[in-house]
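Now for the letters of each chain:
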Amino acid sequence: MARLSLWRWGVLGLAGLYFLVPLAASVVFTVDVPGRGLNFDAYTRIFATDGFLTSLLLSLQLAAATIAVVLLLMVPATVALRLGAARLRPVVEVVCSLPLVVPPIAFVAGIGTVLKWGPEHLSRTPLFQTFVAIQNPDFPVVLVLAYVVMALPFVYRALDAGLRGVDVRTLVEAARSCGAGWPQALVRAVLPNLRGALLNASFLTFALVLGEFTVAQLLGFRPFAVWIVNVSGSQAQLSVAVSVLSLLVTWVLLLVLAGFGGRTHKDSRS
């Protein structure tokens, strides 16, 4: 047992070094100015930099919309698989796993082809305005649709893991016997028991949208990740400082999520 514990601590130590050493090097790069010593100008200039708030707000809006759409799609689908559509489970698993197989560059190339095909063939139809509207730079709906597809593998696994610990059929039958309709049974009986899974799915989707670069860049939009890369060409320290802060914020959200999920689990047990 002592040898196993030592091996476990060794693996955890190596993993900690793997993540902490690059982060520490990034922090040193942002605060160590040659000839001036420690300087925190890179962090104080973040909020005043042109495009920071605009790109960050855009990414937050895209994340909120993506989370809402993907949960509206996947929660009823995963619950239906548990209730009476078990034969479709392999099909849903394959469909939700496809974004992991298709490279993002191929995915965005397909999207770009469709967006170019629309004006060429639908310019005289009402659908042309739809193609224009979903590419509005102020809020590109096409990015939300792309992110929903990219988030499917993570959301499906998170919800499926949560549903494994819940007797969905009994909960729905109990709610139905009390006079609740199907939507009411889902909202009042099933969803409260999936708080942890919903939080996990939401956090994974948020992290994906906040850090996604390839699709947004190739489609010509400028959310937060694209802004960081564009700034890095002229203000390297600033871009690294923003990356460090975004990583720390993500870690804090993960810790809060873990604490909230653990508290919810204890409350449900009591």
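Cut-offs applied
Residues numbered from 1 in each chain as written. Predicted model: local features only at pLDDT ≥ 70, side-chain atom pairs only at ≥ 80, totals over all residues. Heavy atoms only, no water. Helix = DSSP H or I, 4+ residues; strand = E, 2+ residues; numbered from the N terminus. Buried < 20%, exposed > 50% of the residue type's maximum accessible area, 1.4 Å probe, protein only. Contact = heavy atoms within 4.5 Å. Areas by Shrake-Rupley, 256 points an atom, 1.4 Å probe, with all protein chains shown as cover. Lys, Arg positive; Asp, Glu negative; His and termini not counted. Charge placed at Lys NZ, Arg CZ, Asp CG, Glu CD. Salt bridge = Lys/Arg side-chain N within 4 Å of Asp/Glu carboxyl O. Axes fitted to C-alpha atoms, helices over the stretch in contact; angles between N-to-C directions. Parallel < 35°, antiparallel > 145°, perpendicular 65-115°, else oblique. Left-handed = near helix turned anticlockwise from the far one by under 90°. Nonpolar A, V, L, I, M, F, W, Y, C, P; charged D, E, K, R; others polar. Expected span 1.5 Å × (residues − 1). Bend = angle between axes of the 7 residues up to and from the residue. Polar contact = N/O pair within 3.5 Å; in protein donor to acceptor, adjacent residues only side chain to side chain. Patch = residues over 30% accessible without salt bridge, like charges linked within 9 Å, V, L, I, M, F, W, Y side chains within 5 Å.

Draft legend 1. How the structure looks around the overall build of the protein. Across its full length, the protein carries 13 helices and two strands. Among the 270 residues that make up the protein, the fraction classed as buried is 34%. For the protein, contacts bridging at least 24 residues in sequence account for 76% of all contacts bridging at least 6. As presented, the protein carries roughly 16,300 Å² of accessible surface, and 69% of it is formed by carbon and sulfur atoms. Side-chain charges of the protein comprise 19 positive and 11 negative groups, with the mean position of each set lying 9 Å from the other.

Draft legend 2. Structural detail: the pattern of salt bridges. Tallying each qualifying case throughout the model produces four salt bridges. Note that arginine 89 and glutamate 93 form a salt bridge whose closest N and O atoms lie 3.3 Å from each other. Residue arginine 89 and its partner glutamate 93 are both found in helix 4 (residues 89–101); the two are separated by four residues, about one turn of the helix. By sharing partners, the salt bridges in this structure join Arg82, Arg89, Glu93, Asp160 and Arg164 into a single network.

Draft legend 3. Representation of the packing of helix 7 (residues 141–164) against helix 10 (residues 195–211) in the model. At their nearest, the axes of helix 7 and helix 10 sit 8 Å apart, and the two run at 155° to each other. Judged on the interaxial angle alone, helix 10 and helix 7 are roughly antiparallel. Along this stretch, helix 7 crosses helix 10, giving a crossing that reads as right-handed. Within the contact between the two elements, helix 7 uses Tyr147, Met150, Ala151, Phe154, Val155, Ala158, Leu159 and Gly162 and helix 10 uses Ala197, Leu198, Asn200, Ala201, Leu204, Thr205, Leu208 and Val209. Split by residue class, the contact of helix 7 with helix 10 holds 13 nonpolar, three polar and no charged.

Draft legend 4. Focus on helix 7. For helix 7, built from 24 residues, the straight-helix expectation of 34 Å at 1.5 Å per residue is met to within 8% by its first-to-last C-alpha distance of 33 Å. The largest bend along helix 7 reaches roughly 50° and is located at alanine 151, with the proline proline 153 sitting one to four residues downstream.

Draft legend 5. Region of the structure containing the environment of alanine 63. Structurally, the position occupied by alanine 63 is in helix 3 (residues 52–83). Residue class for alanine 63 comes out buried when judged on its relative accessible area of 2%. Taking the C-alpha atoms as reference points, alanine 63 and phenylalanine 206, 143 residues apart in sequence, are found 5.3 Å from one another. Setting aside anything within four residues of it in sequence, one finds alanine 63 in contact with Phe206 and Val209.

Draft legend 6. Region of interest: the side chain of serine 59. Take serine 59: it is sitting in helix 3. Only 2.7 Å separates the side chain of serine 59 from the backbone nitrogen of phenylalanine 224, close enough to count as a polar contact. Residues contacting serine 59, with those up to four places away along its chain left out, are Val209, Leu210, Pro223 and Phe224.

Draft legend 7. Structural context of a nonpolar patch on the surface. Together, Tyr18, Phe19, Leu20, Leu245, Leu247, Leu248 and Trp251 line one region of the surface with nonpolar side chains, adding up to about 690 Å² of accessible area. Contributing elements (two or more residues each) for the nonpolar patch: helix 1 (2–31) and helix 13 (236–269). Tallying contributions element by element places helix 13 first for the nonpolar patch, with four residues. With respect to the helices, strands and loops of the structure, leucine 20 is situated in helix 1.

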